[in-house]
Amino acid sequence: MLVIALDTPFDPPNEVDATFATDNFRAGELVGMWSRARMGAAATEARIVTLDLSSVQVTVDVLRNQGFLEGFGIDIGNPRRMYDEDDPRIVGSGATMGTEAGGRSAMERLMREHPSINLVYAINEPAAAGAYAALRALGVADNVLIVTIDGNCSGVSSVAAGEFGATVMQYPLRMATLSVEAVVEFFETGRRPTNTPGLDFHDKGTALVTNVPAPGIPSIGSGRGLSECWG
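Here we summarise the structure given alongside this text. (Residues numbered from 1 in each chain as written. Predicted model: local features only at pLDDT ≥ 70, side-chain atom pairs only at ≥ 80, totals over all residues. Heavy atoms only, no water.)

Some remarks on the overall build of the protein chain
Here's step 1: Secondary structure summary: the protein chain contains seven helices and nine strands in total.
Here's step 2: Radius of gyration (C-alpha) of the protein chain: 18 Å, near the 17 Å computed for a compact globule of 231 residues.
Here's step 3: Reported as C-alpha extents along the three principal axes, the dimensions of the protein chain are approximately 60 × 40 × 35 Å.
Here's step 4: For the protein chain, restricting intrachain contacts to residue pairs at least 6 apart in sequence, the fraction spanning at least 24 positions comes to 68%.
Here's step 5: For the protein chain, the exposed surface amounts to about 10700 Å²; the carbon and sulfur share of it is 53%.
Here's step 6: Mean positive and mean negative side-chain charge positions of the protein chain (17 and 28 charges, respectively) differ by 4 Å. (Helix = DSSP H or I, 4+ residues; strand = E, 2+ residues; numbered from the N terminus. Rg over C-alpha atoms; globule rule 2.2 N^0.38 Å. Contact = heavy atoms within 4.5 Å. Areas by Shrake-Rupley, 256 points an atom, 1.4 Å probe, with all protein chains shown as cover. Lys, Arg positive; Asp, Glu negative; His and termini not counted. Charge placed at Lys NZ, Arg CZ, Asp CG, Glu CD.)

Quick look at the environment of Ala129
Here's step 1: You can see Ala129 is positioned in helix α4 (residues 125–137).
Here's step 2: Given the relative accessible area of 22%, Ala129 is considered partly exposed.
Here's step 3: Along the backbone, Ala129 and Ser154 are 25 residues apart, and their C-alpha atoms lie at a distance of 9.3 Å.
Here's step 4: Excluding anything up to four places from it in sequence, Ala129 contacts Glu100 and Phe164. (Buried < 20%, exposed > 50% of the residue type's maximum accessible area, 1.4 Å probe, protein only.)

Describing the nonpolar core
Here's step 1: Met107, Ile117 and Val120 are the most contacted members of the largest nonpolar core, which totals 52 residues.
Here's step 2: Top contributing element to this core by residue count: α4, with six residues.
Here's step 3: In this structure Met107 touches Val49, Leu51, Ile117, Val120, Ala131, Ala134 and Leu135, once residues within four positions along its chain are discounted. (Core = buried A, V, L, I, M, F, W, Y, C linked by side-chain atoms within 4.5 Å.)

Details of the layout of surface pockets
Here's step 1: In this structure, the largest pocket encloses a volume near 490 Å³.
Here's step 2: For the largest pocket, the lining is made up of 16 residues, of which Asp11, Thr59, Leu63, Arg80 and Asp200 are closest to its centre.
Here's step 3: At the level of elements, α1 (24–39) and α2 (59–72) are the ones that each hand at least two residues to the lining of the largest pocket.
Here's step 4: Class assignment for the residues of the lining of the largest pocket results in nine nonpolar, three polar and four charged. (1 Å grid on protein atoms, 1.4 Å probe; cavity = no way out; pocket = protein on both sides within 12 Å on 5 of 7 lines; lining within 4 Å. Points joined across faces, edges and corners; volume = space filled by probe spheres on them. Nonpolar A, V, L, I, M, F, W, Y, C, P; charged D, E, K, R; others polar.)

What to know about α1
Counting along an α-helix, one turn takes 3.6 residues, and residues three or four places apart therefore face a common direction.
Here's step 1: Given a rise of 1.5 Å per residue, 16 residues ought to cover 22 Å, and the 23 Å separating the end C-alpha atoms of α1 matches this to within 8%.
Here's step 2: Taken together, the buried positions of α1 are Asn24, Ala27, Gly28, Glu29, Leu30, Val31, Gly32, Trp34, Ser35 and Met39.
Here's step 3: On its buried face, α1 is in contact with β1 (4–7), α2, β5 (119–122), β6 (145–147), β7 (167–169) and β9 (207–209).
Here's step 4: Downstream of α1 by one or two residues, Gly40 has phi in the positive range, about 60°. (Expected span 1.5 Å × (residues − 1).)

Section: the state of the cysteines
Here's step 1: By the definition in use, this model includes one disulfide.
Here's step 2: There is a disulfide in this structure between Cys153 and Cys229, and the S-S distance comes to 2.0 Å. The sign of the 95° torsion about the S-S bond sets the Cys153-Cys229 disulfide as right-handed. In this pair, Cys153 sits in helix α5 (residues 153–160) while Cys229 sits in the segment after α7 (222–228), placing the two residues 76 residues apart along the sequence.
Here's step 3: A relative accessible area of 22% places Cys153 in the partly exposed class.
Here's step 4: Taking the relative accessible area as the measure of exposure, Cys229 reaches 16% and is therefore buried. (Disulfide = S-S within 2.5 Å.)

In structure tokens form, the structure reads like this:
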């Protein structure tokens, strides 16, 4: 029997034969690195909020959050835990449940508490869209940089429109295709899938999507992103 998981690695990973997934830490790291480069010297005075999934620290939430903060240059302490950082640039966080309504209400609250916010990381594009709607209603959308992760066509369109500075594209179709190919190979040859070197899963790839590329950080523009997006 061959057991394959998709999207999020098990803990411990050997609970299944193979996992085809996004490297969520790397996805967060990419938008963190890009945000720091985009802000330039102002990154030392950033006022950051993270719009996370929930108060229960699930794997994908932790990996993306911690990757973003490390990419931005923040000491994340324990990479398996959120909110143990003591960097004064992090001014708040909010649970969004990954929804637009959740992102909007969290952003409204955080702006009341910290009106100087200038950088928002969101767990996914619906939460980021809610954050943008809140900031636009307050008349400050042009003063706040929003970054996120997913690669949905609506999210890439928000990058094209200048609402998000960047997103990181996942490739769910590639993930599904690779897993089916692995099953076929197993039944034909008996060979089991192997992990990406250095990881405990098979990474099916990610791409930073932005129209403001930063030196040394690989990215694609929103035009190409719209040709590769999903949903």
